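# Commentary on secondary and tertiary structure
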Amino acid sequence: MKKNVYDQVQVFYDEAIVWEPIVKQEWVEGFLRQRAWQGINDDKLKDLWYQVKIFILYLTHFNNEDLDEISLSEYSFMIKWLSENVVGFKATLKPVRHFFSVLIDFYTYLLTKNLIASIDEIKQAAQEISGGKVIKLINTQSTINELALFDGDRQGDEFDQVPIGIVIGEAVEGLMLKLGKYFQQPEFTEDFERALYLYTGPFENASEEVEEEFWLGFWDYFLFDYHLLENDLKPLEYFHTTCRERLNADEYQILQSLLGSSFTVFYIKRILSQDLVECINLFTNEVFQLPTPDFDYKTLKKLLFFGHIFSQGLVMINYVTSMEISVNLRKRIMDEVIRQKEIFAIQEPTATLEDFFKRHALVVRHTINILVTLAKVNVTSMNQLERTYPKIEEKRVPNKMVISLLHDLVLEHGLSSYDQRLLERMWYDYCQLTAVNVRKATIWATALFFAYTQINGVNNIIIEELAAKAGISTASIYKKRTELYEVLQLQAFDARYLSEDGFVVSLFVE
């Protein structure tokens, strides 16, 4: 059956379930119904909807969240963008006049509903751009700079001079907004709160952090580096797995590019031009180019940057942090992170530096912040690297009931699937080092869980509550926990069983 205009609107908004366009569905439908009551047939209504739809696509692409803030120069930029990104739209007099005519009608409807404050700006734009005998696109350089993600100190008035990186960066920003709204759904509340706790640091007060810069950095960490409690996937990976069928081709392509990005720490070696700088990866010495950031040239070479870039190093994406540091401090940061990677290698002997970044990028973020902002001599303890560990040789199969009970405790107390794996390894190692007679699996599971949380700095687990819940005595838990400590030679923040949360906490402990 042929779809009417309202069906087309419904399909468009159904496909946008992971984001929320600034132009709401009820606004569009109300506008179309008003015109239908005025005698406009369905074909003409579909044309009205098409003009509004490409307008919405532009707004979404560039994260515009307030119709009243669109300037004259941005309307000019909009026409140029539509002509290059929407098939069939040409920056010639007839289609541009028609586009503005529909938008002015739509704005007038919104004004009558008190949804916008004025239509003066769009009327002026329509007149200046398409009111003459030829299209007159206004200088859009200031608008381009405002929309640039990693704003460069660029010169020139021609739109064509804008690097493609700006367009890609803004497309990323649009998808990032949709991702953010998706992960603010109730089922992700526990993950969101945990990620916020980890990102601010265990002794910080997240509620005091209200600036935009904080939230940009947080979402960069959450989407790219955080591991979800239930499945250990990063949010971008989970979104790709569960929502890819609901994305259009452009969104899916951007998401694929984001999945190929990598957390990178780098500095600027030299300025190649007004538009490009040459960068050096601090840990691999890889050389790559990026758009020139908006800093004084004298400051650029003193900055250390960290964030996510495409693997090929062509375009900066999302949010990148910069800090002014000395060359000596840069070297110290590198030494600290290499030491942390060696600690991680005790748990994962074949791990590369890239593997460490994939698991513990937040540790690197905190390490840089601590060394730059806090008067702390040692961030990473040498203790775990200097000690020896019991050698594990496979001899026995661990009791499976204990593993099952551990899983229940992990779920009950909001720990992660990664914690579950480390707990199982801890139980496996213990069983290889000594013969275990498991008479009551509950005691062993509870003792293992308690020991694990202790070595990882978790301070909200109350042994009396564990004992009461399991129907066992605190004495029995303490007894088995002591045996675990002695046989495994456990220590605080033990590298073999160091969790993501534990690694972060260890950085802040004197």
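The structure presented is a predicted model; accordingly, all values stated were derived computationally and were not measured.

### Regarding the side chain of Asp 419
The residue Asp 419 is located in helix H18 (residues 417-433) in this model. As a buried residue without a salt bridge, Asp 419 has its nearest oppositely charged side chain in Arg 194, at a separation of 4.9 Å.

### Things to note about the pattern of salt bridges
On inspection of all chains with the given rule, the structure shows 19 salt bridges. The salt bridge involving Asp 232 is made with Arg 421; its shortest N-O contact spans 3.4 Å. In this pair, Asp 232 is assigned in the loop between helix H10 (212-224) and helix H11 (235-243) and Arg 421 in helix H18, connecting sequence segments 189 residues apart. With a relative accessible area of 11%, Asp 232 lands in the buried category. Residue Arg 421 is classed as partly exposed on the basis of its relative accessible area of 44%.

### Quick look at the confidence of the model for the protein chain
Residues shown with low pLDDT carry predicted positions that ought not to be read at fine detail. Looking at the protein chain as a whole, its pLDDT mean stands at 84, while 85% of the residues score no less than 70. Taken as a whole, residues 140-169 scores under 50 in pLDDT and shows 63 contacts with residues more than four places along the chain or in a different chain. This stretch, residues 312-317, has a pLDDT under 50; its non-local contacts, to residues over four places away or in other chains, come to 25 contacts.

### Regarding empty space enclosed by the protein
Per the counting criterion, the structure on display carries two cavities of 30 Å³ or more. Roughly 90 Å³ of internal volume is contained in the largest cavity. Along the walls of the largest cavity sit Leu 198, Tyr 221, Asp 225, Tyr 226, His 227, Arg 359, His 360, Ala 361, Leu 362, Val 363, Glu 500 and Val 504, which together make up its complete lining. Mapped by element, the contributors of at least two residues to the lining of the largest cavity are helix H15 (353-373) and helix H22 (500-507). The biggest single contributor to the lining of the largest cavity is H15, with five residues. Class assignment for the residues of the lining of the largest cavity results in seven nonpolar, two polar and three charged.

### Considerations on the packing of helix H14 (residues 327-347) against H15
When two helices pack together, their arrangement is given by the angle between the helix axes and by the axis-to-axis distance. Closest axis-to-axis distance for the H14/H15 pair is 9 Å, and the angle between their directions is 140°. One finds that H14 runs oblique with respect to H15. The handedness of the crossing between H14 and H15 comes out as right-handed. Facing H14, whose interface residues are Leu 329, Arg 332, Ile 333, Glu 336, Val 337, Ile 338, Gln 340, Lys 341 and Phe 344, H15 presents Leu 353, Asp 355, Phe 356, Phe 357, Arg 359, His 360, Val 363, Val 364, Thr 367, Ile 368, Leu 371 and Val 372.

### Thoughts on the pairing of strand E3 (residues 287-291)
Alignment of strand E2 (residues 276-281) against E3, held across five bridges, turns out to be antiparallel. Paired with Glu 278 across the bridge in E3 is Gln 289. In this structure, the hairpin formed by E2 and E3 is closed by a connection of five residues, where Asn 285 is found at a positive phi of approximately 65°.

### A closer look at unusual backbone geometry
We note that Gln 489 has phi near 55°; this positive angle belongs to a residue other than glycine. At Phe 493, a residue that is not glycine, the phi angle is positive and equals roughly 55°. Residue placement: Phe 493 occurs in the loop between helix H21 (474-488) and H22. Its relative accessible area of 17% is what places Phe 493 among the buried residues.

### Focus: the environment of Ile 472
Topologically, Ile 472 is positioned in the loop between helix H20 (463-470) and H21. Placed 29 residues apart in sequence, Ile 472 and Ile 443 show a C-alpha to C-alpha distance of 7.0 Å. Sequence-distant contacts of Ile 472, defined by excluding residues within four places in its chain, comprise Lys 440, Thr 442, Ile 443, Thr 446, Ala 467 and Ile 477.

### Digging into the pairing of strand E1 (residues 261-271)
Relative to E2, E1 is paired through five bridges, and the arrangement is antiparallel. What sits directly across from Phe 266, in E2, is Asn 281. The turn linking E1 back onto E2 is made up of four residues.

### Focus: helix H17 (residues 400-412)
Each full turn of the α-helix corresponds to 3.6 residues, which orients residues three or four apart in the same direction. Its 13 residues give H17 an end-to-end C-alpha distance of 19 Å, which sits within 8% of 18 Å, the value for a rise of 1.5 Å per residue. Taken as a whole, H17 has its buried residues at Val 402, Leu 406, Leu 409 and Val 410. Buried residues of H17, viewed axially, fall in a sector of 100°; they line one side. Every exposed residue of H17 that faces more than 90 degrees away from the buried side is listed here: Lys 400 and Leu 411. Two or three places before Met 401, at the start of H17, stands the capping residue Asn 399, its side-chain oxygen 2.9 Å from that residue's backbone nitrogen. Of the residues one or two after H17, Gly 414 is the one with positive phi, at around 70°.

### Looking at the nonpolar core
Nonpolar side chains in soluble globular proteins tend to be buried together. In this structure, Phe 183, Phe 218, Val 265, Ile 333 and Phe 356 are the most contacted members of the largest nonpolar core, which totals 95 residues. The leading source of residues in this core is helix H19 (residues 441-455), at eleven residues. Aside from chain neighbours lying at most four places away, what touches Phe 356 is Val 337, Gln 340, Lys 341, Phe 344, Ala 361, Val 363, Val 364 and Phe 503. Within the second largest apolar cluster, 47 residues are counted, among which are Trp 27, Ile 56, Tyr 75 and Ala 126.

What counts and how
Residues numbered from 1 in each chain as written. Predicted model: local features only at pLDDT ≥ 70, side-chain atom pairs only at ≥ 80, totals over all residues. Heavy atoms only, no water. Helix = DSSP H or I, 4+ residues; strand = E, 2+ residues; numbered from the N terminus. Buried < 20%, exposed > 50% of the residue type's maximum accessible area, 1.4 Å probe, protein only. Lys, Arg positive; Asp, Glu negative; His and termini not counted. Salt bridge = Lys/Arg side-chain N within 4 Å of Asp/Glu carboxyl O. pLDDT = per-residue confidence, 0-100. Contact = heavy atoms within 4.5 Å. 1 Å grid on protein atoms, 1.4 Å probe; cavity = no way out; pocket = protein on both sides within 12 Å on 5 of 7 lines; lining within 4 Å. Points joined across faces, edges and corners; volume = space filled by probe spheres on them. Nonpolar A, V, L, I, M, F, W, Y, C, P; charged D, E, K, R; others polar. Axes fitted to C-alpha atoms, helices over the stretch in contact; angles between N-to-C directions. Parallel < 35°, antiparallel > 145°, perpendicular 65-115°, else oblique. Left-handed = near helix turned anticlockwise from the far one by under 90°. Pairing = 2+ DSSP bridges. Expected span 1.5 Å × (residues − 1). Arc of directions from axis to C-beta. Polar contact = N/O pair within 3.5 Å; in protein donor to acceptor, adjacent residues only side chain to side chain. Core = buried A, V, L, I, M, F, W, Y, C linked by side-chain atoms within 4.5 Å.

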